[in-house]
Structures are given as structure tokens and as C-alpha cells.
Amino acid sequence: MLTLEHSPKDDRIFYKEACSLKEAGFDVYILCRAEPDGGMWDMGKKQLLNPGGEEMIEIQGVKIIGVPFVESKLDLFLFKGFRDSFSSKFIEKALELNADVYHAHEPSSAFLGQKVVSRLQNAKLVFDMHESWLGTKRKESLIKLLLLPKLQYMITANPMTRGHLMKQNPDMKVKVIYNYPQKKYFNFPPEKKNFEKTVLAHEGLIPFNRGLKEMLAAFIEVLNKGNEVELIIIGETSGEEKEYLNEYIEKYKLEKNITETGWLNYEKVPQALSEANVGLIFKTPDLNNVLGGPSIKLFNYFASSMAVFDVGLPESERFMDLSENGISVLKRDVSTISEALSELTSSPELRLRYAQNGYKKFMEEMNWEEESKQLVNFYHWYLLNKKPYIKR
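Since we're looking at a predicted model, the values are computed, not measured.

Procedures and definitions
The residue numbering used here restarts from 1 in each chain and proceeds along that chain's sequence as written. At least 70 in pLDDT is required for a residue's local features to be given in this predicted model, at least 80 for side-chain atom pairs to be given and counted, and no such filter applies to totals for whole chains, interfaces and linings, which use all residues. With hydrogens and water set aside, each side-chain value is computed from the structure's full complement of heavy atoms. Strands pair, by our definition, only if DSSP identifies at least two bridges between them. Numbering of helices and strands runs from the N terminus, with a helix taken as a DSSP run of H or I at least four residues long and a strand as a DSSP run of E at least two residues long. Each axis is a line fitted through C-alpha atoms, taken for helices only over the stretch in contact, and angles between the N-to-C directions span 0 to 180 degrees. Any two residues having at least one pair of non-hydrogen atoms within 4.5 Å are treated as being in contact. Working definition: with a 1.4 Å probe on protein chains only, accessible area under 20% of the residue-type maximum means buried, over 50% means exposed, and in between means partly exposed. With the strands pointing away from the viewer, any crossover whose connection runs clockwise from the first strand over the helix to the second is right-handed.

A.B. asks: Explain the sheet that holds strand 11 (residues 258-260) residue by residue, including any values.
C.D. replies: As a general point, the strands of a sheet are linked pairwise by backbone hydrogen bonds and lie either parallel or antiparallel. One open sheet accounts for 6 strands, arranged 11-10-9-12-13-14; its pairing is parallel. What marks the edges here is a single partner per strand, and that holds for strand 11 and strand 14 (326-328). Going across the sheet, the axis of each strand differs from the next one's by a mean of 20°, ignoring polarity. As paired strands, strand 13 (residues 307-310) and strand 14 are joined by 3 bridges and run parallel to one another. Within strand 14, the residue paired with aspartate 310 across the bridge is serine 328. Helix-sheet contacts for helix 7 (residues 212-224) involve strand 9 (198-203), strand 10 (229-234), strand 11 and strand 12 (278-281), and the interaxial angle to strand 10 is about 160°.

Shown next, in the form of C-alpha cells:
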């Protein structure tokens with residue numbers, strides 16, 4: 001696995017894909033970009049994974065190798081065209097591994113991965129597109145333009161991205177792999193939870209472009225309607241968002257109503273979610289969000305026996321239609337949002353019914369234990385050609 005922009009302990013990369021492939025009998029390495037001093041960090045940059053400065057570490061049978069990134073002005077300039085010393089060392093280390101499959105997780109790592117497989121006789125490259133194909137960075141857009149005609153194997157996180165890319169390159173073998181949660185971390189059936197009191201939760205980053213202001217404004221309106229409600233932000237805000245949140249809490253005296261957990265590692269998120277019974281998704285409707293997703297938090301809410309509240313994102317709506325486990329608003333104005341939230345906060349029976357429906361879907365099909373079979377089969381059928389046909 002190749003990554004330049006994700007932590008080697010990223011949820012999808014490590015906990016789901018790498019560990020599942022390891023359990024299926026593959027030898028799995030994650031080759032990542034390390035800090036200039038060689039340090040490799042977890043997703044929240046809270047835990048150093050190699051405190052002894054090791055170039056390679058092993059976690060749950062997966063070997064993680066870091067290539068230190070050089071930060072000289074010349075190297076930073078040359079990195080724009082992948083002509084810097086880091087890119088050369090990254091390619092060299094990838095070639096040393098002599099892998100059967102190079103599984104890249106960003107356009108940049110896929111670009112270097114293409115250079116690697118071009119020098120090996122039988123190696124294959126698969127590009128794992130976590131989000132939508134759209135990108136805001138000029139370099140990323142150019143890389144995608146150059147890569148797409150050459151790509152033979154791809155994994156996407158939703159069918160919209162799959163369809164868009166296959167229209168441009170119909171010869172690709174593309175598989176949708178959803179970011180479903182793992183049963184071994186989520187064990188919170190509805191009967192174990194309290195639905196009498198309304199506790200809202202938002203998991204993950206909540207910057208302004210993911211609806212922080214709208215979420216807080218609607219929360220105040222819900223409170224003003226006489227509803228007893230709490231909000232847990234699972235994660236942490238920073239910068240201007242942190243300042244805005246703190247000022248809002250102080251202005252409206254919300255110290256007892258809003259709490260922020262701070263960054264939690266992957267294994268601790270399920271327990272934090274178990275304290276709430278309504279999960280919030282407030283992403284703004286820009287094109288990248290509309291064509292991307294669904295958010296990982298959506299599936300985590302299913303698994304945590306939570307009713308879901310969404311602001312009309314297409315992929316969220318599709319899964320909520322399938323499970324009938326929440327409310328999705330047609331307008332994003334604060335009045336509509338607060339009205340819908342008030343409906344949830346005023347009815348324990350409604351929250352319970354939605355939670356039961358979502359949890360049932362999680363247990364039956366929307367879990368990683370089932371979805372990982374799609375990943376392993378993709379490797380067996382397409383990448384390694386175990387048989388000249390696909391057995392369903």
C-alpha cells in the first residue's frame with residue numbers, strides 16, 4: 001500500500017483494507033511518507049508510531065515503512081513535478097519490495113506507483129479513490145488527467161465516482177468498496193441504549209465548510225423551543241473554528257449542553273458514539289461533497305444505534321432510504337433544520353425506531369466483515385487472476 005497524504009494508521013487503509021488482506025493470507029506492507037526526522041504518526045498526530053526512529057515497524061502483522069520527506073526549498077519545489085530526492089527514494093523503496101500489487105491511496109501515490117509498476121514485469125497498480133474524483137488542487141487535477149488513461153484497476157467509495165470514471169476509461173476494472181464499520185468495534189444494540197434523553201453527536205472534523213455555523217445556530221433554536229438536548233462533538237476543532245465554537249458556547253451559556261471530546265483514536269470512537277442517540281451530518285452541498293461520500297460517520301451512526309440527521313446529501317439520502325433510519329432536510333436554512341431536529345428531540349419513540357432500523361442494516365449487510373470479502377475477491381479475481389472466471 002502506498003500513501004503520501006494519509007497516516008499509515010488511517011481507518012480505511014490500515015484497520016480495514018490492510019488488516020483484512022493480511023487476515024486473508026497476503027503479505028502486506030504500507031509504504032508512507034514520514035516526517036523529515038523519520039517519525040510516523042497516527043491520524044490525529046497524537047501518537048508517534050515509531051518512537052525509536054525505526055524505518056520499519058510491524059502492527060498486527062502489517063509492516064509499515066516510512067520514507068523521510070525532505071523539506072529543503074529545492075526539494076519542495078522539485079516535489080511539484082516528483083523530481084525531488086524523496087520521490088526517488090520512495091520509488092526505490094517500493095521497487096525493493098517487489099510486490100505483486102501496489103495499492104495507492106491518493107493521486108500522488110498512484111502517480112509514483114505507476115512509475116514503479118512500469119519497471120516491474122508482472123506488478124499491478126490499483127488506485128483507491130477514497131472521495132470523489134474532483135480535486136481543488138491544480139497539481140492533483142493534472143495528475144488525474146495523466147493517470148486515468150493508464151489505469152487498469154481502481155477502487156472507489158461510491159458508485160457515482162465509479163460511473164464517472166468508467167465513462168472516461170471503460171476498460172478499467174472498478175470496484176466500489178464502502179467504508180462500513182467493523183462489528184468487532186461496535187456492539188451497541190438499541191436495547192442497550194437510553195433514548196429518553198436526546199443526545200446529539202457529530203463525529204469527525206467540523207470546519208465551517210462542513211456546517212459548524214449552521215449546526216450551532218440550529219442547536220440554539222432547538223433549545224429555545226424548550227427541548228432538553230445535548231451535543232457531543234467527537235473530535236476537536238482548531239483555529240478559527242475552535243475560537244468560534246468557544247465564543248458561541250460562552251455567549252449562549254452552553255457549557256452544560258455542548259462538549260468536545262478532543263481527538264480520539266479509532267478504537268475509542270465507538271464508545272464515544274454510544275453515549276448519543278442522534279448522529280449529525282452537516283456537510284455543505286458543494287460539488288465535491290455531492291459527488292463524494294457517503295461520510296464514514298453515516299455508517300458509524302448506523303452501527304451505534306443512532307437516528308441520523310442529514311442535510312440532503314445524495315449518497316446519505318440513498319442509504320437512509322434503504323434503511324429508513326432518519327431525517328434528511330430538503331432545505332439547508334436554519335429554520336428547516338431546527339424544525340426537523342425538534343421532531344427528533346421530542347420523540348423518544350421515533351429515535352428508537354430509526355436506531356433499530358439502522359442497526360439492523362449494519363448487522364445484516366452494512367458492516368466491514370461482509371464488505372471486506374469484496375476487497376479480497378477483487379484481489380483474487382482481477383489483480384492476481386486466480387481463475388479465468390468469476391465465481392459468484
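A.B. asks: So what about the pairing of strand 8 (residues 173-176)? Which residues, and what values?
C.D. replies: Burial along strand 8 is one-sided: Val174 and Val176 are buried, and none of Lys173 and Lys175, which face the opposite way, are. The pairing of strand 7 (residues 153-156) with strand 8 spans 4 bridges and is classified as parallel. Bridged to threonine 156 within strand 8 is valine 176. This β-α-β element, strand 7 to helix 6 (residues 159-168) to strand 8, shows right-handed connectivity.

Any link to function would need more than the numbers given here.
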